[in-house]
Amino acid sequence: MTGSASPAPDSSAAPPPAPGSQLARERVRAAWLFLLPTLVVLAAVAGWPLFRTFWFAFTNASLADPAPPEFVGLENFVTVWGDSDWWRSVRNTFLFTGVSVTLETVLGMIIALTLNTRFRGRAILRAAVLVPWAIPTVVSAKMWGWMFNDVYGVINEMLLSAGFISGPIAWTVDPQLSMVAIIAVDVWKTTPFMTLLLLAALQILPEELYEAAKLDGANPVMVFFRITLPLIRGPMMVAIIFRVLDALRVFDLFYVLTSNSSESMSMAVYARQQMFEFQDLGLGAAAASLLFGLIALFTILYMALARDSVAQEPA
Amino acid sequence: MRHVLFAMSLATALSVPAVASAAETVAISCGTVGKEFELCKQGSEAWAKKTGNEVKLVSGPTDASEQLTVFQQQLSAGSSDIDVFRVDIIWPGILGAHFIDLKPYISDDVVQQHFPAIVKNNTVDGKLVAMPWFTDAGVLYYRSDLLQKHGQKAPTTWEELAATAKVVQDAERKAGNDKMVGFVFEAKAAETLTCNALEWVDSFGGGSIVADDGSVNIDNPKAALALKTAASWVGTISPQGVLNYEEEGARGVFQSGNAVFMRNWPYAWALSQAPDSPVKGKVAVVALPKGGADGKSSGTLGGWNLAVSKYSKHQKAAADLVKYLTSSEEQKRRAIQGSFNPTITSLYKDAEVLKANPFFGTLLDTFTNAVARPAKVTGAKYSRVSSDFRNAVHSVLSGTGKPEEKLKDLQKKLTNMSKKGKW
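Since this is a predicted model, take the numbers as computed values, not measurements.

Draft legend 1. Up close: the overall build of chain B. Of regular secondary structure, chain B possesses 19 helices and 12 strands. For 423 residues, the compact-globule formula gives about 22 Å, and the C-alpha radius of gyration of chain B, at 24 Å, lands near that figure. Counting only C-alpha atoms and orienting by the principal axes, one finds that chain B spans roughly 95 × 55 × 40 Å. By the burial criterion, 55% of the 423 residues in chain B qualify as buried. Within chain B, contacts between residues separated by at least 24 positions form 72% of all contacts whose residues are at least 6 apart in sequence. Summed over its atoms, the accessible surface of chain B is roughly 17400 Å², and 55% of this surface lies on carbon and sulfur atoms. Between the mean site of the 48 positive side-chain charges and the mean site of the 43 negative ones, chain B shows a separation of 2 Å.

Draft legend 2. Broad picture of the sheet that holds strand β9 (residues 259-264) of chain B. Residue and element names in this part refer to chain B. Judged by pairing direction, the sheet is mixed, and its 4 strands sit side by side in the order β8-β9-β7-β10 without closing on themselves. Both outer strands of the open sheet, β8 (181-184) and β10 (283-286), are each paired with one neighbouring strand and no more. Across the sheet, the mean angle from the axis of one strand to that of its neighbour is 15°, orientation sign disregarded. The pairing of β8 with β9 spans 3 bridges and is classified as parallel. Counted as the bridge partner of Phe 183 is Phe 261 from β9. Seen against the sheet, helix α11 (residues 247-255) touches β7 (139-143), β8, β9 and β10 and runs at an angle of roughly 155° to β9.

Draft legend 3. Examining the interface of chain A and chain B more closely. Every contact between the two is made by 30 residues of chain A and, on the other side, 31 residues of chain B. A buried area of about 2400 Å², summed over both sides, lies between chain A and chain B, and 48% of it is on carbon and sulfur atoms. For the chain A face of the interface with chain B, the top three residues by lost area are Leu63(A), Val151(A) and Phe278(A), together amounting to 22%. If you look at where chain A meets chain B, you find 4 salt bridges. Close ionic contact of Glu66(B) with Arg272(A) constitutes a salt bridge, the shortest N to O distance being 3.1 Å. Summed over the shared surface of chain A and chain B, the number is 13 residue pairs in polar contact (both at pLDDT 80 or more).

Draft legend 4. Spatial organisation of unusual backbone geometry. Residue and element names in this part refer to chain B. One non-glycine residue with positive phi stands out, namely Lys 419, at about 55°. Following the sequence through the fold, Lys 419 ends up in the segment after α19 (403-417). Phi angles above zero are rare outside glycine, and Lys 420 is one such case at about 60°. Mapped onto the elements, Lys 420 comes out in the segment after α19.

Draft legend 5. A look at the state of the cysteines. Residues and elements named next belong to chain B. Inspection of every chain in the model, using the stated rule, returns 1 disulfide over all chains. Note that Cys 30 is cross-linked by a disulfide to Cys 40, the S-S spacing being 2.0 Å. Since a negative S-S torsion denotes a left-handed disulfide, the Cys 30-Cys 40 link at about -95° is left-handed. Placement of Cys 30 in the loop between β1 (25-29) and α2 (34-51) and of Cys 40 in helix α2 is noted, with a sequence separation of 10 residues between them.

Draft legend 6. Seen up close, the sheet that holds β1(B). All names here are of chain B. One open sheet holds the 6 strands; their spatial order is β2-β1-β3-β11-β6-β12, and the pairing between them is mixed. The open sheet has two free edges, formed respectively by β2 (54-57) and β12 (341-342), since each of these has just one partner strand. Bridging between strand β6 (residues 131-137) and strand β11 (residues 301-308) involves 6 bridges; their strand directions are antiparallel. Following the sheet pairing, Met 131 is matched in β11 by Leu 306. Across the sheet, helix α14 (residues 328-338) is in contact with β6 and β12; its angle to β6 comes to roughly 30°.

Draft legend 7. Quick look at the side chain of Asn92(A). All names here are of chain A. Relative to the assigned elements, Asn 92 resides in helix α3 (residues 84-116). We classify Asn 92 as buried; its relative accessible area is 2%. Once residues lying within four places of it in the same chain are set aside, the contact partners of Asn 92 are Met 179, Phe 254, Glu 263, Ser 264 and Met 265.

Draft legend 8. Here's a closer look at the pairing of β7(B). Residue and element names in this part refer to chain B. Counted residue by residue, β7 has 5 buried out of 5 residues, so it is predominantly covered. Here β7 shows a buried face lined by Val 139, Tyr 141 and Arg 143 and a second buried face lined by Leu 140 and Tyr 142. Here 4 bridges tie β7 to β9, and the two strands are oriented antiparallel to one another. In the sheet register, Leu 140 faces β9, and the bridge partner there is Arg 263. Where β7 and β10 come together, 4 bridges link them in antiparallel fashion. Paired with Arg 143 across the strands is Val 283, a residue of β10.

Scoring rules and cut-offs
Residues numbered from 1 in each chain as written. Chains lettered and ligands numbered in written order. Predicted model: local features only at pLDDT ≥ 70, side-chain atom pairs only at ≥ 80, totals over all residues. Heavy atoms only, no water. Helix = DSSP H or I, 4+ residues; strand = E, 2+ residues; numbered from the N terminus. Rg over C-alpha atoms; globule rule 2.2 N^0.38 Å. Buried < 20%, exposed > 50% of the residue type's maximum accessible area, 1.4 Å probe, protein only. Contact = heavy atoms within 4.5 Å. Areas by Shrake-Rupley, 256 points an atom, 1.4 Å probe, with all protein chains shown as cover. Lys, Arg positive; Asp, Glu negative; His and termini not counted. Charge placed at Lys NZ, Arg CZ, Asp CG, Glu CD. Pairing = 2+ DSSP bridges. Axes fitted to C-alpha atoms, helices over the stretch in contact; angles between N-to-C directions. Buried area = accessible area lost by both parts, 1.4 Å probe. Salt bridge = Lys/Arg side-chain N within 4 Å of Asp/Glu carboxyl O. Polar contact = N/O pair within 3.5 Å; in protein donor to acceptor, adjacent residues only side chain to side chain. Disulfide = S-S within 2.5 Å.

Here it is, written out as structure tokens:
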């Protein structure tokens, strides 16, 4: 730790303003002023709709009834809580999230490590990797839906001709199989996102560490788990949290790919069904609020754990 | 210069009275794609020309339930943007409160020309909230060439259909067509499954889920037998994939030549006879089979109607447009040019209509005996009723539930929902 001594103060640099000084207060005020337009826009396009959703959740608002909604307290939340369809959608959503994010992280890491090595055509390959991410999810879902079709889908055609299956499989029908299909499509689509984030993290790692490891005779696996993984854990956790939050809100893959029976719904599909198909705005808003609550809970949990782990870093 | 200004102001003053008496503009939402939109555009513009008014055609989502969502939001907000709405047969119960009564504008003798079941369906709390425009019911398509080839005839009962489908399916697969399946229908857990399953249940005499008096009647042995029969098709004469098929999914299999039978709406006929269709000239249409010897042939009533918003600022003109578009002359034109099934019964005996659509003659009985979904009696709760029903059916078809158990649970659930039949 000989290099950890604080550097001698540079006499040419102005010292930072003392806390509580006039200059510091003006800087803080200027910062808030610059942020104000963004905060106003965020409040208008995200805050207000969220508030409206919360408000509707406590009413009997309905698309079928022109009369103004009445306050009904926690009635909607009790109804959702007692609905077995809701809990099945929660289970579906968490299963989807857990499996797909895990696979995306592992595959993303493998691809990122590959792209991080120098080879001809790397730039083109990096751009090509983005193609699945660029396609809108409903388009991907529709495309894969056709590929999964049991009678004329290409997937069954390939598996049948290769002899892996003896009869056509209806992938998007059976609740278990359709979950596999949905996870596969999401992994195909979102692994590039993880890849790019992890690649960005890998790009900033210092070369010196790897040269030193090579001199010491460390094998590649040891290098990965002892050097690479610890160093990019921070960015990787950020990428994982982003992805988990997005996965919990999944709607389009479930809605387009499955038969939409109560056995194969996500939380968002359930909320939409209550709100629009059943015209029950209040109940749908309650489900959406519970969905938001679960996501918020996960976020808070993550931030708490992250702060603890940061605090434990050696000084 | 003053002379020019004077002349301009004089011209303006003279033209104001003419502008004040200008035509009314009626906005109509009537289909969004293809033939249907084109024919509606022609009809609306013909009316505009005849009456001196103007029409504005409003497009929207192509999916019916998406349309319902958009309409509900507009009507709930009391919007006057759209005057005439094209509404599904099951929407009068849900949207009826937002529409005007058409009886003052259209005389009784005109109304009585239409199928009574549809008029009844569209009459909510004594108000005729929508005029029948074109109708639909489930029908059975079959490959007449294959049945003839294998010495079979068109089935009259579901048992016969299953047997015939098995024979032809096995023979065609043996002859080299591995993709051939016996029967495709629509079992995706959406409104389409409610239609399919109601046909099975009603054909066995198992009722219509909710009776006209508001009582739930789904838990009965005949309904259970109907579902058990349908479940026996999946994986044998029907591919597992039917559990995710809607109309276009089933038609894709049938029209590519890989299905012996298909249940679908009449719209599939014109498409199956298109020049590029692989099954052109090889298809025939009959009424759906009966549920056993003492059952009946039953197609679920579908179709579209025209309603006038009570928030419209041009109600009289809008009602006149509705009257024109649903008239005998206009329905005949649409039947000949687009195979849209008329709601005026006499047109099913019209020589020109039959020439363009040979099978329409057999549809008269189908439409007369069609079973209506319980959308009127259940009103705003119909979507829930339909969803619960089709989820129960979907469980039975996929093998994760037994008919008796599922119908018993469904009976309990719907009875609780019904507030003792008052909904």
